[in-house]
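An overview of the molecular structure
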Amino acid sequence: MSQWQKQFNLFFIAMGFFTRIPMPKWIEVDADKLNKASRYFGLVGLLVGSISALVYSLMLYWVSPSIAIVFAMITSVLVTGGFHEDGLADTADGLGGGWTVEAKLSIMKDSRLGSYGALALVLALFLKWQLLTEIALFNPNNVSLALIVGHCLSRVLAASFIFSEQYVSDTDTSKSKPLAQHQGINELSILLASGVLVLLIVGAIPALMLVLGLCMVRFCLVKLFRKQLGGYTGDTLGAAQQVAELACYLLLLILGVSW
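Attention in this report is confined to the structure presented alongside it. (Residues numbered from 1 in each chain as written. Predicted model: local features only at pLDDT ≥ 70, side-chain atom pairs only at ≥ 80, totals over all residues. Heavy atoms only, no water.)

With respect to helix H7 (residues 115-138)
Rule in force here: Helix numbering and strand numbering both begin at the N terminus, where a helix is a DSSP run of H or I of at least 4 residues and a strand a DSSP run of E of at least 2. Here a helix's expected span is defined as the number of its residues, less one, multiplied by 1.5 Å. Throughout, exposure labels follow a simple rule: accessible area from a 1.4 Å probe, protein chains only, divided by the maximum for the residue type, with under 20% read as buried, over 50% as exposed, and the rest as partly exposed. Contact between two residues is taken to exist if any of their heavy atoms lie within 4.5 Å; hydrogens are not considered.
Here H7 contains 24 residues, and its C-alpha end-to-end distance of 35 Å stays within 8% of the 34 Å for a straight helix at 1.5 Å per residue. The set of residues buried in H7 consists of Gly117, Ala124, Lys128, Leu131, Leu132, Thr133, Ile135 and Ala136. Elements that come into contact with the buried residues of H7 comprise helix H3 (41-59), helix H4 (65-80), helix H5 (83-97), helix H8 (142-164) and helix H11 (234-255).

The structure is reproduced here in structure tokens:
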């Protein structure tokens, strides 16, 4: 297998892990390749964001921006299978309903949706729609860019946890799919490079604000997950992605017409 084939193999593994898009039959998957595939999680976010932005742009021909945003949000859920939203809900249930680390992890592995998870999911989806709708008031076309930026950078942030944090869940007993548990410096470098690529399209001031804001979000989430769980799980990565995506939209909204 050539170097290019190896990289395409890793990208398709990342795509198959994070989306419902079928992988080619020739793809080879194992634990080591899944760990290395984390380098392309940001590019998968770029793909998901671009598909959502395309649907939004097409729907603008027939409906108002606020309705088009709903279709874009539905599209992202269909493409990913609600993978990250599920992680947010499970994390909220676990952190809100458990008193010990073991109890929190046990609740997070439960497939049933609790009150904390339902509240977190509803509020996050509503806030996402409201932020994007407010962005559309400045310029409806800005929503497409926001979707691309938000989906990509949020996955870069979430995947970076694999490099610095300890994995604390037992894959054999988890209800989730196998998860990348180790990330080398090469994977982190390529992951961050995909984020830089997206930042280049928003301009210097918005890029700086996004970097500073997301660094603060990451710091707070790391402190929270270390204190509550001692590290990260697949569910907390999903929660981190959702929180970071909302942070991106909020930061872009604060920038307003300047971007």
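Let's talk about the packing of H5 against helix H6 (residues 101-109)
Stated formally: Comment: axis = line fitted to C-alpha atoms, over the contacting stretch for helices; angle = value between 0 and 180 degrees taken between N-to-C directions. Roughly parallel covers angles under 35 degrees, roughly antiparallel covers those over 145, roughly perpendicular covers 65 to 115, and oblique covers all other angles. Left-handed is the label given to a crossing in which the near helix is rotated counterclockwise from the far helix by less than a right angle, and right-handed is the label when the rotation is clockwise. Under the scheme applied here, ten amino acids are nonpolar (Ala, Val, Leu, Ile, Met, Phe, Trp, Tyr, Cys and Pro), four are charged (Asp, Glu, Lys and Arg), and all others, including Gly, are polar.
In contact at an axis separation of 8 Å, H5 and H6 are set at 150 degrees when each is read in the N-to-C sense. Viewed along their axes, H5 and H6 adopt a mutual orientation that is roughly antiparallel. For the element pair H5 and H6, the recorded crossing hand is right-handed. Across the interface between the two elements, Asp90, Thr91, Asp93, Gly94, Leu95 and Gly97 from H5 touch Lys104, Ile107 and Met108 from H6. Tallied by class, the residues present in the contact of H5 with H6 amount to 3 nonpolar, 3 polar and 3 charged.

Focus: the side chain of glutamine 7
Note the cut-off: As used in this structure description, the phrase polar contact means that two N or O atoms lie within 3.5 Å; if the pair is within protein, one of them must be able to donate a hydrogen and the other to accept it, and residues adjacent in sequence are counted only when both atoms belong to side chains.
The topology assignment puts glutamine 7 in helix H1 (residues 3-18). Of note is the side chain of glutamine 7, whose polar atom sits 2.5 Å from the side chain of tyrosine 40. If sequence neighbours within four positions are ignored, glutamine 7 has contacts with Arg39 and Tyr40.

Considering the packing of aromatic side chains
For the record, the criterion: Between the rings of Phe, Tyr and Trp (Trp by its six-membered ring), a pair exists once the centres lie within 6.5 Å; its type follows the angle of the planes, with under 30 degrees stacked, over 60 edge-to-face, and the other angles tilted.
In this structure the tally under the stated criterion is 11 aromatic pairs. Measuring from centroid to centroid gives 5.8 Å for phenylalanine 11 and phenylalanine 12, while their planes differ by 65 degrees, and the two rings are edge-to-face. Accessibility expressed as a relative area gives 19% for phenylalanine 11, which makes it buried. Aromatic rings pair up to connect Phe17, Phe18, Phe41 and Phe83 into one cluster.

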